[in-house]
2 protein chains.
Amino acid sequence: MECPVTQFAHFTNPLYLDSGRILEPYTLAYETYGALNADKSNAILIMHAFSGSHHAAGVYEGEQKAGWWDSLIGHKKGIDIDRYFVICVNAIGSCYGSTSPMSLQHPSQIPYRLDFPVITIADMVRAQKILLSTLGIDYLKAVIGGSMGGMQALSFAQLYPKMAEHIFAIATTHCTSDYVIAAHKAMSEAIMNDPLFRAGQYESTEVAQMKGLAIARMIGFLQYFSPQTMQRKFSHRYVNQDGLYELFGRFEVMRYLDYNTQSFCHYFDPLSYLYLAKALCIYDLSLGYENLYDALKGVLSHIHIISFIDDTMFKVEESRQIAEALMYLQKKYNLLELQGSFGHDSFLVQVDLYDDYIRHILNS
Amino acid sequence: MECPVTQFAHFTNPLYLDSGRILEPYTLAYETYGALNADKSNAILIMHAFSGSHHAAGVYEGEQKAGWWDSLIGHKKGIDIDRYFVICVNAIGSCYGSTSPMSLQHPSQIPYRLDFPVITIADMVRAQKILLSTLGIDYLKAVIGGSMGGMQALSFAQLYPKMAEHIFAIATTHCTSDYVIAAHKAMSEAIMNDPLFRAGQYESTEVAQMKGLAIARMIGFLQYFSPQTMQRKFSHRYVNQDGLYELFGRFEVMRYLDYNTQSFCHYFDPLSYLYLAKALCIYDLSLGYENLYDALKGVLSHIHIISFIDDTMFKVEESRQIAEALMYLQKKYNLLELQGSFGHDSFLVQVDLYDDYIRHILNS
């Protein structure tokens, strides 16, 4: 696979948001893999998760780490880029190049910060649809996303029922639970309570030192990992050189959290975290509808719901509720309940559990 | 029931701690309910949970709120104070009157703060045993505790095998899981990252404003409540007067967390939180033994393990591991797995699920 390159699409027309506010101008960062065929019938849209980016596959020139879904997307992989043109867009509000709270407002050239409008999952989807239109794509073989990406995929099925043949909504839900909302409340408070946050007026250079962002990520890990994953990974081991009876002595799981949450502060933005948490919390496919049945009645795509038994963030029951509504409505759907071993993160690390299924559906 | 009164026992002899350090002098705050009989054979020791206190039952004069286990302890209740003499001691390290990080060192009269020694669950138990000795009590009808109190109860069975007839270990474990350790890591970091914490040099009057302590409590709630409890209680409702598309608009679950965690800062101490979290994280009955079987081989008390199916903090599997070890060792034990509806907190709010069992065992 060639080294992918981030592309940017700049839009001067306003993006009308669910909140009633507008973004104008706005930018979308994205990557593509494979080639669009002559009749533009082989495009697949990939949607990323909360902390993910448009860098879904391949390795940047001079780097070593591959995109977050590299095991799924590539030559002869589940999503075969010899056959399909794959596009992944950084969600509006996220911090990897698309318009976000730290973007400069027009014409003042002052960053939005807390003046950034609230973004919804549907807003993210609408922006991606506009990008597809500018690329001349009005049909998608599939829309595929996990976690917050799965929310976007389902939202896509609701907003643009005629556009995608298949929707794969993986490790996700139709409506964010109070439990997940509560977790994101704690994460957001941890960010805002950081002494460097200063009501959003931090300098970008300070973010790497913002412990509050690291704490938010720690709370996130409590949702992404299952208790079983942690036990298997860390086995109650104590860091050898740390004293058991020292207050700040650590278990291995603590060292892991220290290391992996500090590194998070080198590539994520606190305000993006707050805005994405807001989008995730207010996500509800049924909002503005009578109920979930009413919300899904216009769906025409074939919906593939993939969930993991040990996912404690988005539970199998939530996937079943989507499936039950689709069954009642006599829609085309499949529900896969997989025996993951990594909790919510199974969708990222156990691609082997479902890549054959995706390949089969795409190629059949 | 008469209004209970907090009593204080002051000890000038050193308390030898697992860490190798000593506490000297030290104080224990405690309450008693009912009367000790002539042959001192009717005493029951109650052990409190992480944020609990020695105020287990009754209502203080001029107050309205009853002790945390008032539905279990009282006249004609599961633990009948007409028959039993009940004592509950504030754990060393906690902030309700027993020696804690904010206590004054002798002779400097400077608070310990971060110089306080690390306390273990076994240390808490040893201190309580010393208090019982000064009261002339060398036999206990039962030792009963939930959550961190259940850890103490099991530790009591291990340390003083001949002293208690019955041990009730409720909603607890034999060894803190990596998942629970990870959660307490996030809580501790949230406390320490508060701008007012200042490496433990905060003023007591500042604690009510310490958002970091409130965030720790929020993360705690994610363990104490089950996702189902939250969904039942809050039903994804949005606070009416808060704007759905305002960044700081709130769901009801967020308002609940704001209110109940801010109030927590009016009665809990940040340094006590850190030290109790440490004690909870390094708790492991098997520490210093070959394994759990070896750790429990000396037990003589009848062990009653009560767990709740929907407890996500201390899982039923952990209780089963204790039961399996006791079964293998041919010890007297019972394992009750109850269908709670409030997650870990079921042990506090669904006393009706197990009070008859305790009554039956005590009176048979």
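Values in this document were obtained by computation on a predicted structure and should not be read as measured data. (Residues numbered from 1 in each chain as written. Chains lettered and ligands numbered in written order. Predicted model: local features only at pLDDT ≥ 70, side-chain atom pairs only at ≥ 80, totals over all residues. Heavy atoms only, no water.)

Visitor: Please clarify how helix α6 (residues 252-264) of chain A should be interpreted in this entry.
Guide: Residues spaced three or four apart along an α-helix point in a common direction, a consequence of the helix completing one turn every 3.6 residues. Taking 1.5 Å per residue as the helical rise, α6(A) with its 13 residues ought to reach 18 Å, and the 18 Å between its terminal C-alpha atoms agrees with that figure. Of all the residues in α6(A), the buried ones are E252(A), V253(A), M254(A), L257(A), D258(A), T261(A) and F264(A). Against the buried residues of α6(A) lie α4 (211-224), α5 (227-234) and α7 (270-281) of chain A together with α3 (178-192) and α7 (270-281) of chain B. (Helix = DSSP H or I, 4+ residues; strand = E, 2+ residues; numbered from the N terminus. Expected span 1.5 Å × (residues − 1). Buried < 20%, exposed > 50% of the residue type's maximum accessible area, 1.4 Å probe, protein only. Contact = heavy atoms within 4.5 Å.)

Visitor: Mind showing me how you'd approach the sheet that holds strand β9 (residues 140-146) of chain B here?
Guide: Two pairing modes exist for strands in a sheet, parallel and antiparallel, and in both the strands are linked by backbone hydrogen bonds. Residues and elements named next belong to chain B. One open sheet holds the eight strands; their spatial order is β1-β4-β8-β5-β9-β10-β11-β12, and the pairing between them is mixed. The open sheet has two edge strands with one neighbour each: β1 (7-11) and β12 (333-338). Between one strand axis and the next, the sheet turns through 20° on average, direction left out of account. Packing of helix α1 (residues 121-134) onto the sheet brings it into contact with β1, β4 (26-33), β5 (43-47), β8 (85-89) and β9, and relative to β4 it is tilted by some 65°. (Pairing = 2+ DSSP bridges. Axes fitted to C-alpha atoms, helices over the stretch in contact; angles between N-to-C directions.)

Visitor: Even after reading the chapter, I still don't get the packing of α3(B) against helix α4 (residues 211-224) of chain B, so can you show me in this structure?
Guide: Packed helices, taken two at a time, are described by the angle their axes make and the gap between the axes. All names here are of chain B. Viewed as axis vectors pointing N to C, α3 and α4 meet at an angle of 165°, and their least axial separation amounts to 7 Å. Relative to α4, α3 is oriented roughly antiparallel. Note that α3 runs across α4; the crossing there is right-handed. Counted together, Y179, A183, A186, M187, A190 and I191 of α3 and G212, L213, I215, A216, I219, G220 and Q223 of α4 form the full contact between these two elements. (Parallel < 35°, antiparallel > 145°, perpendicular 65-115°, else oblique. Left-handed = near helix turned anticlockwise from the far one by under 90°.)

Visitor: In this structure, what is going on with α4(B)? I would like to understand it.
Guide: Between its first and last C-alpha, α4(B) extends 20 Å over 14 residues, near the 20 Å set by a 1.5 Å rise per residue. Where burial is concerned, most of α4(B) is hidden: 13 out of the 14 residues are buried.

Visitor: When you look at the packing of helix α1 (residues 121-134) of chain A against helix α2 (residues 148-159) of chain A in this model, what are you seeing that I'm missing?
Guide: Residue and element names in this part refer to chain A. For the pair α1 and α2, the least separation of the axes is 9 Å and the interaxial angle reads 70°. Between α1 and α2, the interaxial angle falls into the category roughly perpendicular. The hand of the α1/α2 crossing is right-handed. Side by side, α1 and α2 meet where I121, A122, M124, V125, R126, Q128 and L132 of the first sit next to M148, M151, Q152, S155, F156 and L159 of the second. Its residues assigned to classes, the contact of α1 with α2 shows nine nonpolar, three polar and one charged. (Nonpolar A, V, L, I, M, F, W, Y, C, P; charged D, E, K, R; others polar.)

Visitor: I'm lost on the domain arrangement of chain A in this one. Help?
Guide: Often, the extent of an interface is quoted as the loss of accessible area on bringing the components together. Residues and elements named next belong to chain A. Domain annotation of chain A identifies domain 1 (7-176 + 283-363) and domain 2 (180-278). Domain 1 and domain 2 are separated by 26 Å when their C-alpha centres are compared. At the interface, 28 residues of domain 1 touch 27 residues of domain 2. Between domain 1 and domain 2, a total of about 2500 Å² is buried, with carbon and sulfur atoms accounting for 65% of that surface. At the junction of domain 1 and domain 2, the tally comes to zero salt bridges. For the side of domain 1 that touches domain 2, the residue count by class is 15 nonpolar, nine polar and four charged. (Domains from an automatic or database assignment. Buried area = accessible area lost by both parts, 1.4 Å probe. Salt bridge = Lys/Arg side-chain N within 4 Å of Asp/Glu carboxyl O.)

Visitor: Can you help me understand the packing of aromatic side chains in this one?
Guide: Any aromatic ring pair is given by two values, namely how distant the centres are and how the planes are angled relative to each other. Across all of its chains, the model carries 46 aromatic pairs over all chains by this definition. Relative to F268(A), the ring of F264(A) lies with its centre 5.0 Å away and its plane at 15°, an arrangement referred to as stacked. F268(A) matches F264(A) in its accessibility class, with the two residues each being buried. A centroid spacing of 4.9 Å and a plane angle of 85° characterise the contact between Y293(B) and Y328(B), whose relative ring orientation is edge-to-face. You can see Y293(B) sitting in helix α8 (residues 292-296) and its partner Y328(B) sitting in helix α9 (residues 316-328), a full 35 residues away along the chain. Overall, Y293(B) belongs to the partly exposed group, its relative accessible area being 35%. Using a relative accessible area of 62% as the deciding quantity, one classes Y328(B) as exposed. (Phe/Tyr/Trp six-rings, centres within 6.5 Å; stacked < 30°, edge-to-face > 60°.)

Visitor: I tried to follow the relation of the copies chain A and chain B on my own but got confused; where do I start?
Guide: Put simply, the second copy of the chain is the first one after a rotation about an axis and a shift along it. Superposing chain A onto chain B takes a rotation of 180° combined with a translation of 0.0 Å along the rotation axis, leaving an RMSD of 0.0 Å. Overall, the copies show the geometry of a two-fold rotation axis. Residues of chain A ranked by C-alpha distance from the rotation axis are headed by P195(A), positioned 2.9 Å from it. The fraction of interface residues of chain A whose copies in chain B are also interface residues reaches 100%, indicating that both copies meet through the same surface. (Least-squares fit on C-alpha atoms with pLDDT ≥ 70 in both.)

Visitor: Would you explain the nonpolar core in this entry?
Guide: Buried together is how nonpolar side chains tend to be arranged in soluble globular proteins. Counting 196 residues, the largest nonpolar core has L140(A), F156(A), Y273(A), L140(B), F156(B) and Y273(B) as the members making the most contacts within it. Aside from chain neighbours lying at most four places away, what touches F156(B) is L45(B), M47(B), V125(B), L132(B), L140(B), V143(B), P161(B), M163(B), A164(B) and I167(B). (Core = buried A, V, L, I, M, F, W, Y, C linked by side-chain atoms within 4.5 Å.)

Visitor: Would you explain the sheet that holds strand β9 (residues 140-146) of chain A in this entry?
Guide: Residues and elements named next belong to chain A. With mixed pairing, eight strands are arranged side by side in an open sheet as β1-β4-β8-β5-β9-β10-β11-β12. With partners counted over all chains shown, the strands left at the sheet margins are β1 (7-11) and β12 (333-338), one partner each. Pairwise comparison of adjacent strand axes, ignoring direction, gives a mean angle of 20° for this sheet. When β1 meets strand β4 (residues 26-33), the two strands line up antiparallel, connected through five bridges. Paired with A9 across the two strands is L28, which belongs to β4.

Visitor: It is not clear to me how the pattern of salt bridges should be interpreted in this structure. Could you clarify?
Guide: Any two side chains of opposite charge can pair, given that their charged atoms come close. Residue and element names in this part refer to chain B. In this structure the tally under the stated criterion is 30 salt bridges over all chains. Taking the shortest distance from any N to any O, the salt bridge between R126 and D18 comes out at 3.1 Å. Placement of R126 in helix α1 and of D18 in the loop between β2 (15-16) and β3 (22-23) is noted, with a sequence separation of 108 residues between them. Of the charged contacts in the structure, one is a salt bridge between K297 and D294, with a shortest N-O distance of 2.6 Å.

Visitor: Help me understand the interface of chain A and chain B, please; the structure alone is not making it clear to me.
Guide: The interface is formed by 57 residues belonging to chain A together with 57 residues belonging to chain B. It is D178(A), Y179(A) and Y245(A) that lose the most area in chain A upon contact with chain B, and together they represent 16% of the buried surface on that side. Measuring nitrogen to oxygen at the nearest pair gives 2.8 Å for the salt bridge that ties D258(B) to K185(A). Counting across the interface, chain A meets chain B through 20 residue pairs in polar contact (both at pLDDT 80 or more). Looking at the side of chain A that touches chain B, the elements that each hand over two or more residues are α3 (178-192), α4, α5, α6 and α7 of chain A. Among the elements that line the side of chain A that touches chain B, the one with the most residues is α3(A), at 10 residues. The class makeup of the residues in the side of chain A that touches chain B is 33 nonpolar, 13 polar and 11 charged. (Polar contact = N/O pair within 3.5 Å; in protein donor to acceptor, adjacent residues only side chain to side chain.)

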